[in-house]
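Overview (structure and organization)
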Amino acid sequence: MRNNLRHEGDFTYGASAAIAIHRKRMSSYDPSACPQSLGALPEHSTVELPPDGAAPVPPCPVERDIAAGDLVGDYIVRSEIAAGGCGTVYEAEHRVLGRRAAVKVLHPELSQSAEMVQRFVTEARSVASIAHPNVVEVYEFGHYRDRPFFAMERIDGPRLDEVVEREGPLPLSRAIELVAPVCSAAHAAHAVGVIHRDIKASNVLIDRRGGAERVKLVDFGVARLLTRDGLARLTRSRRRIGTPRAMAPEQVCGGTVDARTDVYALGVLAYFLLSGRYPFEGRGPVDVAMLHATAPPPPPSRFAPIPAAVERVVLRALAKDPAQRFSSAVDLCDALRAAAAADTSPPGGAPADVRAAVGVFVELIPAAPRPGARDVDGAAAAARQVLLRALREAGLAVSEPAPTSLVGVRVADADTAAAVIAAWRDAERAAAQVEAEAGARKWGGLRVVVRLRVDRAYVRAGGRGLRVVGGPLVAGDSA
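Residues numbered from 1 in each chain as written. Predicted model: local features only at pLDDT ≥ 70, side-chain atom pairs only at ≥ 80, totals over all residues. Heavy atoms only, no water.

Observations concerning the pairing of strand β8 (residues 147-153)
The buried count for β8 comes to seven of seven residues, which makes it a mostly enclosed element. As paired elements, strand β6 (residues 100-106) and β8 share five bridges and run antiparallel to each other. Looking across to β8, one finds that Ala-101 is bridged to Glu-153. Here strand β7 (residues 138-144) runs beside β8; their pairing, made up of six bridges, is antiparallel. Looking across to β8, one finds that Glu-140 is bridged to Ala-151. Adjacent in sequence and paired antiparallel, β7 and β8 are bridged by two residues, among which Arg-145 carries a positive phi angle near 50 degrees. (Buried < 20%, exposed > 50% of the residue type's maximum accessible area, 1.4 Å probe, protein only. Helix = DSSP H or I, 4+ residues; strand = E, 2+ residues; numbered from the N terminus. Pairing = 2+ DSSP bridges.)

Structural data, given as structure tokens:
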């Protein structure tokens, strides 16, 4: 068993495992072109990485000049929804039709930049050109105080990152049910020459109007139109735009983007929905971006139960070399469906519950055989059963990551300190039972090592009580 707790009796809070970076040159992009320092950039937000050697440009303060009751085109502003790097989105209502809408207005300080105005217009034009049921619909384009704006459908449903935060890793059927329409939306965008460049869980919403559920891909703010001139400008400027947690290697390194760039982001999305975490977690956005460019992703099955065939599909989508990925979003979707159909494991059941918990990591270390002792492997297997029984009798949810180790999880929703003390006592009692059995059965000096860790765990109700299905608590032990 490998984890970041090295000594008997140690306790750490929220520790995380380090990921080794493996640099490898791929045929269609050059990792050596990647910046060595990207500055302090938010790994969950859309950013533009600075040119090599340049300091990051701090974001401009957003000037708020629109208030509730103001009229933007034919839309009466009700409230602000969100502000991004390019514009602010408002909840609004058409003054004649009464139709609710989300109105996005370019920031006033950016209206003098021809490039930013063109990017804003490109976003509206990109969305309007797709006309797909899983892409947010644009109602109107116009100008407010010499600044462009566009009105689009208002979606009240949750974002996919909120769904995973609430439910943990999703069952396979549910994850594919959510990824498939995003793949379809991306494929439709690619068909009209639009590359989204920022597909991520927070840019996918679930629309539940009318009692039905429909997935919507939003925020084409950094979309690229695949025209000859557009690609030439991108190549010369080596611009790196995207979200560090979901950026393809060619985005990080300033290479050429195409449909396979979005396929990579769709792979990140599938990984996130299935495992409850992103492929790479670093000390900051610099680490995360560089890991996407240079490091192999850890298998998602390390963090949640995922069929091997499905895992292979996800990891192929995350190939560093675009030529090794699926050539289109629809190919990725078809492969996911086929892999899921071939899976013979039982259904995943209800979504996982996210809990603060204490993990009891127990490792059995057999000593060298001595005269009269039973065989080491048999002793370890028997001791493992004693531990398993003792931890379950104490009410811990138990996972079995390796033949000589167990992980017992005790939920700590109310009082973490009390849960830690209780878990430690449970572990001591379990270890004492093993030692008593070892002495009685001459198991030859079997040593029991106990470690504790506190973090989030994903659990589901099962026939024997709570069942651990993943989460940072158990993921840290296997990294």
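Examining the pattern of salt bridges
Any two side chains of opposite charge can pair if their charged atoms end up close together. Applying the stated criterion to the full structure yields 20 salt bridges. Arg-154 is the partner of Glu-91 in a salt bridge, and the nearest nitrogen-oxygen pair spans 2.4 Å. Of the two residues, Glu-91 is situated in strand β5 (residues 87-94) and Arg-154 in the loop between β8 and α2 (160-167); the sequence distance between them amounts to 63 residues. With respect to burial, Glu-91 and Arg-154 carry one shared label: buried. The salt bridge involving Glu-162 is made with Arg-159; its shortest N-O contact spans 3.3 Å. The exposure class of Glu-162 is partly exposed, given its relative accessible area of 32%. Look at Arg-159 and you get partly exposed, because its relative accessible area is 30%. Linked through salt bridges whose partners overlap, the residues forming this network are Glu-91, Arg-100, Arg-154 and Asp-156. (Salt bridge = Lys/Arg side-chain N within 4 Å of Asp/Glu carboxyl O.)

Looking at unusual backbone geometry
One non-glycine residue, Arg-145, lies in the positive phi region at around 50 degrees. One non-glycine residue, Arg-197, lies in positive phi territory at about 70 degrees. Note on placement: Arg-197 falls in the loop between β9 (194-195) and β10 (204-207). On the basis of relative accessibility, which here comes to 7%, the residue Arg-197 falls in the buried class.

Some points on helix α6 (residues 259-275)
In this model, α6 (17 residues) spans 24 Å end to end at C-alpha, consistent with the 24 Å of a helix rising 1.5 Å per residue. Within α6, 16 of the 17 residues are buried, which leaves it mostly tucked inside the rest of the structure. Just downstream of α6 lies Gly-276, where phi reads positive at about 80 degrees. (Expected span 1.5 Å × (residues − 1).)

Looking at the sheet that holds strand β4 (residues 75-83)
Pairing between sheet strands relies on hydrogen bonds along the backbone, with the strands arranged either parallel or antiparallel. Spatially, β3-β4-β5-β6-β8-β7 is the arrangement adopted by the six strands of the open sheet, whose pairing is antiparallel. Two strands in the sheet have a free side with no partner beyond their single neighbour: β3 (71-72) and β7.

Digging into the nonpolar core
In a soluble, globular protein the nonpolar side chains are often hidden away together inside. Counting 72 residues, the largest nonpolar core has Leu-273 and Leu-332 as the members making the most contacts within it. Looking at this core, the element that brings in the most residues is helix α3 (residues 172-191), giving twelve residues. Ignoring any residue separated from it by four or fewer positions in sequence, one finds Leu-273 in contact with Leu-160, Val-164, Pro-169, Leu-170, Ala-175, Leu-178 and Val-179. (Core = buried A, V, L, I, M, F, W, Y, C linked by side-chain atoms within 4.5 Å. Contact = heavy atoms within 4.5 Å.)

Some points on the packing of aromatic side chains
In this structure the tally under the stated criterion is two aromatic pairs. Pairing Phe-120 with Phe-150 gives two aromatic rings, centres 5.3 Å apart and planes at 50 degrees, and the pair type is tilted. Here Phe-120 is found in helix α1 (residues 114-130), whereas its partner Phe-150 is found in strand β8, with 30 residues between them in sequence. On the basis of relative accessible area, Phe-150 is assigned to the buried category, the value being 0%. The interplanar angle of 20 degrees and the centroid separation of 4.4 Å between the aromatic rings of Phe-272 and Tyr-278 together place this pair among those described as stacked. Look at Tyr-278 and you get buried, because its relative accessible area is 13%. In this structure, Arg-99 packs its charged tip against the face of Tyr-139, placed 3.7 Å from the ring centre. Positioned above the aromatic ring of Phe-326, the side-chain terminus of Arg-316 is 4.1 Å from the ring centre. (Phe/Tyr/Trp six-rings, centres within 6.5 Å; stacked < 30°, edge-to-face > 60°. Lys NZ or Arg CZ within 6 Å of the ring centre and 35° of its normal.)

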